Amino acid sequence: MTTEERRARDTRALIMDLNELIALCHNGEKGYLVACARADAPLLRALLASYAEQRAAFATVLQAQVVALGGTAETTGDLAGAVHRLWIRIKHLVQPGDATVIAECVVGDTAALEAYEQVREKALPRAVQGIIEAQYTAIRAARDRLRALHRAHRLQARNGQL
């Protein structure tokens with residue numbers, strides 16, 4: 001295999017990885033919008049809406065990278081994301097409340113982080129690596145904040161404050 005063929009193969013693999021992350025970002029955006037519609041607390045709704053906007057922006061940045069690499073960028077989420085959003089709706093019917101909404105957002109972000117970690121382990125062009133690291137850090141911060149909110153919510157529920 002020539003150097004040029006190797007580069008082309010690596011570029012195709014990178015485009016596939018980025019498109020998977022784009023689909024995840026779209027899933028996250030849609031998932032956060034579903035969660036926002038199910039949340040009771042106005043501040044939680046605002047937080048979830050901001051995370052939906054963040055994931056849409058992440059997808060846009062990744063799409064630009066795919067196009068710059070000569071690929072066709074993903075424009076939608078995937079089946080796994082649609083199934084998770086359906087699960088959020090069903091679970092919320094059985095267990096209504098903000099704790100359920102928050103817990104499912106944590107699940108979605110944990111799955112996204114795992115996908116980002118797989119891409120982070122690969123040799124990436126410097127510009128792409130910077131984007132992936134920044135998005136990974138932001139998703140991890142969102143997940144950690146939601147975990148803290150979930151713990152606080154559960155504590156309040158146990159103490160009869162909700």
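Quick summary incoming for the structure in this document.

A word on the overall build of the chain
Here's step 1: From N to C terminus, the chain includes five helices and zero strands.
Here's step 2: For the chain, the sequential pattern of α-helices and β-strands runs α-α-α-α-α.
Here's step 3: Looking at the chain alone, contacts between residues at least 24 apart form 76% of all its contacts between residues at least 6 apart.

A short note on the side chain of aspartate 17
Here's step 1: Following the sequence through the fold, aspartate 17 ends up in helix 1 (residues 3–38).
Here's step 2: By relative accessible area, which is 11% here, aspartate 17 ends up buried.
Here's step 3: Leaving out residues up to four positions away in the same chain, aspartate 17 has contacts with Val119 and Lys122.

Details of the environment of glycine 130
Here's step 1: By the element assignment, glycine 130 lies in helix 5 (residues 126–158).
Here's step 2: Accessibility expressed as a relative area gives 40% for glycine 130, which makes it partly exposed.
Here's step 3: Along the chain, glycine 130 and arginine 120 lie ten residues apart, while their C-alpha atoms are 9.9 Å from each other.

Quick word on the pattern of salt bridges
Here's step 1: One pass over the structure, following the stated rule, counts five salt bridges.
Here's step 2: Of the charged contacts in the structure, one is a salt bridge between arginine 9 and aspartate 10, with a shortest N-O distance of 3.2 Å.
Here's step 3: A relative accessible area of 37% means that arginine 9 is categorised as partly exposed.
Here's step 4: For lysine 122, the salt bridge is made with aspartate 17, and the minimal N-O distance between the two is 2.8 Å. On the criterion of sequence distance, the pair formed by lysine 122 in the loop between helix 4 (98–120) and helix 5 and aspartate 17 in helix 1 is long-range, its members being 105 residues apart.

Topic: the nonpolar core
Here's step 1: Within the largest apolar cluster, 22 residues are counted, with the highest numbers of intra-cluster contacts made by Leu18, Leu21, Leu62, Tyr116 and Ile132.
Here's step 2: Contributions of two or more residues to this core are made by helix 1, helix 2 (42–68), helix 4 and helix 5.
Here's step 3: The biggest single contributor to this core is helix 1, with six residues.
Here's step 4: In contact with leucine 18, not counting residues within four places along its chain, are Leu62, Gln65, Val66, Leu69, Val128 and Ile132.
Here's step 5: Among the nonpolar cores identified, the runner-up in size contains 15 residues, and Ala35, Tyr51, Val106 and Leu146 belong to it.

Re the side chain of asparagine 19
Here's step 1: Residue position: asparagine 19 is located in helix 1.
Here's step 2: Looking at asparagine 19, its side chain comes within polar contact range of the main-chain oxygen of threonine 72, at 3.1 Å.
Here's step 3: In this structure the side chain of asparagine 19 is engaged in a polar contact, spanning 2.6 Å, whose partner is the backbone nitrogen of glutamate 74.
Here's step 4: Discounting chain neighbours no more than four positions away, the residues touching asparagine 19 are Val66, Thr72, Ala73 and Glu74.

So, the environment of arginine 45
Here's step 1: With respect to the helices and strands, the residue arginine 45 is situated in helix 2.
Here's step 2: Considering only alpha carbons, one finds arginine 45 and alanine 35, ten residues apart in sequence, at a separation of 7.9 Å.

Some details on the packing of helix 1 against helix 5
Here's step 1: Orientation of helix 1 relative to helix 5, taken along the N-to-C sense of each, is 30 degrees, at an axis distance of 13 Å. One element, helix 1, and the other, helix 5, form an angle in the roughly parallel class. When you trace helix 1 past helix 5, the crossing you get is left-handed. Taken together, the residues of helix 5 that come into contact with helix 1 (itself represented by Leu14, Leu18, Leu21, Cys25 and Tyr32) are Val128, Ile132, Gln135, Ala142 and Leu146.
Here's step 2: Along the lines of polarity and charge, the residues of the contact of helix 1 with helix 5 split into nine nonpolar, one polar and no charged.

The rules behind these values
Residues numbered from 1 in each chain as written. Predicted model: local features only at pLDDT ≥ 70, side-chain atom pairs only at ≥ 80, totals over all residues. Heavy atoms only, no water. Helix = DSSP H or I, 4+ residues; strand = E, 2+ residues; numbered from the N terminus. Contact = heavy atoms within 4.5 Å. Buried < 20%, exposed > 50% of the residue type's maximum accessible area, 1.4 Å probe, protein only. Salt bridge = Lys/Arg side-chain N within 4 Å of Asp/Glu carboxyl O. Core = buried A, V, L, I, M, F, W, Y, C linked by side-chain atoms within 4.5 Å. Polar contact = N/O pair within 3.5 Å; in protein donor to acceptor, adjacent residues only side chain to side chain. Axes fitted to C-alpha atoms, helices over the stretch in contact; angles between N-to-C directions. Parallel < 35°, antiparallel > 145°, perpendicular 65-115°, else oblique. Left-handed = near helix turned anticlockwise from the far one by under 90°. Nonpolar A, V, L, I, M, F, W, Y, C, P; charged D, E, K, R; others polar.

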